[in-house]
Amino acid sequence: MSPRAVGPVLLSARGVTRVHGEGPSAVRALDGVDLDVRLGELVAVMGASGSGKSTLLNIVGGLDVPTSGTITLAGEELSGLDARARARLRRRSVGYVFQDFNLIPALTAAENVSLPRELDGVGGRAARGEARAALREVGIEDLADRFPDEMSGGQRQRVAIARALVGPRRLVLADEPTGALDSTTGEDVMRVLRARIDAGAAGLLVTHEPRFAAWADRTVFLRDGVVVDGTGRRAEPESLLTGTR
Amino acid sequence: MSVRQGMLALLASEPMHAYQLRQQFEQRTGGTWPLNMGQVSTTLDRLVRDGLVEQVPSSDPAAYRLTADGRAELAHWWSTPVVRSAPQRDELSIKLALAVTAPGVDVREIVQAQRTETMRALTDLTRLKADLPAQVESADDLAWSLVLDNLVFSAEAEVRWLDHVEVRVARAALRPATPSSAPSPVDTRADVTR
């Protein structure tokens, strides 16, 4: 496989802890999690239900706030920002891909993708141009004028990937993105996500499916809110299958 | 491993020399099961002895082709499922089976270390897959990608099985120990309620 350039750290979590409730009934959903995601890197998070993977994704995306610890996104520490600045940074830097696509049914593919840019304050014409470009990157420019219910699940998820990385957005947070797709379609979607990240983005992927997590550069395992292990960064080529071409 | 049947399958398309057989076998199975010339020669000798393959008259170097019996044997192979009833001895199953009854062994740690290792192997296999185009064009690429898929699905099954083992062991640890039972093999402080 061609070597991939891995860039600077885009997302950094340090000592991230999230406690729900107080006193003896308090639950530590996350407990001192450290994690770096670099530009050009896709990191998978695996763990059983309740291991803290969704909480981690929410905190990283600024949808939830850690009880202690810091999140640094594109060089800015989230806790140092007020709510408005945090929302702005989140909106302009982070895109989401969900299991159930979350596209707006009354909007075409191109309109779904251009909407975040219009909310950024980019003019309609420029936003539509960027949306077309983003759809081209995921291989479905020809479906730009279709509505979500005129597309297959795999096509809808490509639209969601395009929307997540439209304009200046460089971090995609994917929550079980293949959960609603069959095995082959799921693989196609992972291939597209992988290609977009290789082209200059970063991703955090939460999944319980090992075969899709394997598209990431590395996998970290959460158990009871703690990172218990990880596969480490990329293996050297000589440690790959021996005897293969 | 069915080197014998594999060679019959290759010779069904055209007569081949021993070195061609070796090269074709590797190419068409993605190089996952390399053969040495000794294996190829020995297998060819046995196929000739059993009347399934014959030398093409006056070929030099010797080329081999299927006999009628060889074609019948091959047809039988294609039409018969590979028998799965006798599981191969698997070090990991044996290790875990022994671990759950061994005193002072933390099964959770064994499971996690193995899951990381298998996940690493699965990631490596997926990188090899990612090198192939999404729509494979040549028959060789298709053969290679199917062999890779087989390894990918096996690795995935192992990770899923390890997840299952972890849950089963955690549940078993919650049950109160009976006086006659062996010391608990797992860390019973494990918080499995979350």
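The model shown is predicted, which means the values in this text are computed figures rather than measured ones.

A few words now on a nonpolar patch on the surface. All names here are of chain A. Side chains of Ile 104, Leu 115 and Leu 119 sit close together on the surface and give an oily, nonpolar patch of about 240 Å² of accessible area. Among the structural elements, Ile 104 can be located in the loop between β6 (94–98) and α3 (109–120). The class of Ile 104 is partly exposed, set by a relative accessible area of 35%.

Attention now goes to the environment of Leu 135 of chain A. Residue and element names in this part refer to chain A. Here Leu 135 shows up in helix α4 (residues 124–137). With relative accessibility at 0%, the residue Leu 135 sits in the buried group. The sequence separation of Leu 135 and Val 159 amounts to 24 residues, and the corresponding C-alpha distance is 6.7 Å. Those residues in contact with Leu 135 that sit more than four places away from it in its chain are Ala 109, Ala 110, Val 113, Ile 140, Glu 141, Ala 144, Val 159 and Ala 162.

What follows concerns helix α2 (residues 18–28) of chain B. Residues and elements named next belong to chain B. Burial in α2 covers these residues: Ala 18, Leu 21 and Phe 25. Each buried residue of α2 lies within a common arc of 55° when the element is viewed along its axis, so the set occupies one face. One or two residues past the end of α2 sits Gly 30, with phi positive at roughly 70°.

Residues and elements named next belong to chain B. Judged by pairing direction, the sheet is antiparallel, and its three strands sit side by side in the order β1-β3-β2 without closing on themselves. Whereas interior strands pair on both sides, the edge strands pair on one side only; in this sheet they are β1 (16–17) and β2 (53–55). Alignment of β1 against strand β3 (residues 63–66), held across two bridges, turns out to be antiparallel. The residue bridging Met 16 from the neighbouring strand is Tyr 64, located in β3.

In this assembly, 35 residues from chain A lie in contact with 36 residues from chain B. Taken together, both faces of the contact between chain A and chain B bury some 3100 Å²; the carbon and sulfur share is 55%. Taken together, the connections running from chain A to chain B amount to five salt bridges. In this structure, Arg 223 of chain A and Glu 109 of chain B form a salt bridge, with 3.2 Å as the shortest nitrogen-oxygen distance. At the boundary of chain A and chain B, one finds eight residue pairs in polar contact (both at pLDDT 80 or more). Of all the secondary structure elements, the ones that give two or more residues to the side of chain A that touches chain B are β2 (27–38), α6 (183–198), α7 (210–213), β9 (218–223) and β10 (226–230) of chain A.

The next thing to look at is the domain arrangement of chain B. Residues and elements named next belong to chain B. Looking at chain B, the domain boundaries give domain 1 (3–79) and domain 2 (91–192). Taken together, the six residues of domain 1 in the interface contact five residues of domain 2. Here domain 1 and domain 2 share an interface that buries about 440 Å² over both sides, 61% of which is from carbon and sulfur atoms. When grouped by side-chain class, the residues that make up the side of domain 1 that touches domain 2 number one nonpolar, four polar and one charged.

For the rest of this paragraph, the subject is the nonpolar core. All names here are of chain A. One finds Val 113, Leu 135 and Val 159 to be the most contacted residues of the largest nonpolar core, which totals 49 residues. Setting aside anything within four residues of it in sequence, one finds Val 113 in contact with Ala 131, Ala 134, Leu 135, Val 159, Ala 162, Arg 163 and Val 166. Ranked by size, the runner-up nonpolar core spans 28 residues in total, among them Val 37, Leu 57, Leu 78 and Val 206.

This part is about the sheet that holds β10 of chain A. All names here are of chain A. The mixed open sheet is built from six strands, whose spatial order is β6-β7-β8-β3-β9-β10. Either end of the sheet is taken by a strand with one partner, and the two such strands are β6 and β10. Here the average twist between neighbouring strands, direction ignored, is 25°. Taken together, the four bridges between strand β3 (residues 42–46) and β9 define a ladder with parallel strand orientation. Bridging from a neighbouring strand, Val 45 pairs with Val 220 of β9. Its contacts with the sheet place helix α1 (residues 53–60) against β3, β7 (171–175), β8 (202–206) and β9, and it is angled at close to 155° to β7. Sheet strands touched by helix α2 (residues 83–93): β6 and β7. Its angle to β6, the strand with the most contacts, is close to 65°.

Basis of the calculations
Residues numbered from 1 in each chain as written. Chains lettered and ligands numbered in written order. Predicted model: local features only at pLDDT ≥ 70, side-chain atom pairs only at ≥ 80, totals over all residues. Heavy atoms only, no water. Patch = residues over 30% accessible without salt bridge, like charges linked within 9 Å, V, L, I, M, F, W, Y side chains within 5 Å. Areas by Shrake-Rupley, 256 points an atom, 1.4 Å probe, with all protein chains shown as cover. Salt bridge = Lys/Arg side-chain N within 4 Å of Asp/Glu carboxyl O. Helix = DSSP H or I, 4+ residues; strand = E, 2+ residues; numbered from the N terminus. Buried < 20%, exposed > 50% of the residue type's maximum accessible area, 1.4 Å probe, protein only. Contact = heavy atoms within 4.5 Å. Arc of directions from axis to C-beta. Pairing = 2+ DSSP bridges. Buried area = accessible area lost by both parts, 1.4 Å probe. Polar contact = N/O pair within 3.5 Å; in protein donor to acceptor, adjacent residues only side chain to side chain. Domains from an automatic or database assignment. Nonpolar A, V, L, I, M, F, W, Y, C, P; charged D, E, K, R; others polar. Core = buried A, V, L, I, M, F, W, Y, C linked by side-chain atoms within 4.5 Å. Axes fitted to C-alpha atoms, helices over the stretch in contact; angles between N-to-C directions.

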